[in-house]
Amino acid sequence: TSAFDEMGQKRDEFALKELLKCRPKETDDRVADTYISLRGNHPILDGIESGTLLPNVSHVIVEPEQDARVVADVLYGSSTISPGIIVNEYGRGRVVYMPVMLERSYAIPPGAKGVEVYLYDRNPVIRRLFKQAVAWLAGDIAVKVEDECGFWIVPSVSKNKSKMVLHILNMVTINYDKGFAIR
């Protein structure tokens, strides 16, 4: 997320701060008793009840810009410590920034302690959130988001003078047998 420069030195501000609508505040290694609380009204949250709690395995504490649209918070116990999801529109584009690792929460293996485990279909709320985020980001572009397939996502970006293409590769593995694919 542009937190470091080309020499590996930590930046005071994200290089992409105009897109992300936040700045890094501090690193935080509190994981026990941290959750992501969804809130607000936004297309990526359609059909998900406000106040829904999701497990959190890692996060970066960020400070939102005044005009940031925060749709989820990172909670430590019952206190909000950072935004968990920020959505933004920039020019003709859209941005969803998650300074949390929801993809790791989605793939928590059966038998993990401290979180509700979804043995067969992983966490359906996280799956729905990801599907709706991709659909919202795509806007008018025809994108089909499917369920029931492998779940390791590897993004890459290609750009030239007139366009930018985000390629999301869905890596299928034996261990993570359900997720979503983008075609």
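Just so it is clear, the structure is predicted and the values come from calculations on it, not from any experiment.

Observations concerning helix α3 (residues 124-138)
- Taking 1.5 Å of rise per residue, the 15 residues of α3 would be expected to cover 21 Å, and the 21 Å separating its terminal C-alpha atoms lies within 8% of that figure.
- All of the buried residues in α3 are Ile 126, Arg 127, Leu 129, Phe 130, Gln 132, Ala 133, Val 134, Trp 136 and Ala 138.
- One or two residues past the end of α3 sits Gly 139, with phi positive at roughly 60°.

Observations regarding the side chain of Asn 88
- Mapped onto the secondary structure, Asn 88 falls in strand β6 (residues 79-90).
- Take Asn 88: its relative accessible area is 10%, and that puts it in the buried class.
- For Asn 88, the side chain forms a polar contact with the main-chain oxygen of Glu 18, separated by 3.4 Å.
- From its side chain, Asn 88 meets the backbone oxygen of Leu 19 in a polar contact 2.9 Å long.

So, the pattern of salt bridges
- All chains considered together, the criterion is met by 5 salt bridges.
- A salt bridge links Arg 23 to Glu 63, with the shortest nitrogen-to-oxygen separation between them at 3.7 Å. Separated by 40 residues along the polypeptide, Arg 23 in strand β1 (residues 22-27) and Glu 63 in strand β4 (residues 60-64) bring together distant segments of the chain.
- With a relative accessible area of 34%, Glu 63 lands in the partly exposed category.
- Two residues, Asp 73 and Arg 39, come together in a salt bridge whose shortest N-O distance is 2.7 Å.

Conventions used here
Residues numbered from 1 in each chain as written. Predicted model: local features only at pLDDT ≥ 70, side-chain atom pairs only at ≥ 80, totals over all residues. Heavy atoms only, no water. Helix = DSSP H or I, 4+ residues; strand = E, 2+ residues; numbered from the N terminus. Expected span 1.5 Å × (residues − 1). Buried < 20%, exposed > 50% of the residue type's maximum accessible area, 1.4 Å probe, protein only. Polar contact = N/O pair within 3.5 Å; in protein donor to acceptor, adjacent residues only side chain to side chain. Salt bridge = Lys/Arg side-chain N within 4 Å of Asp/Glu carboxyl O.

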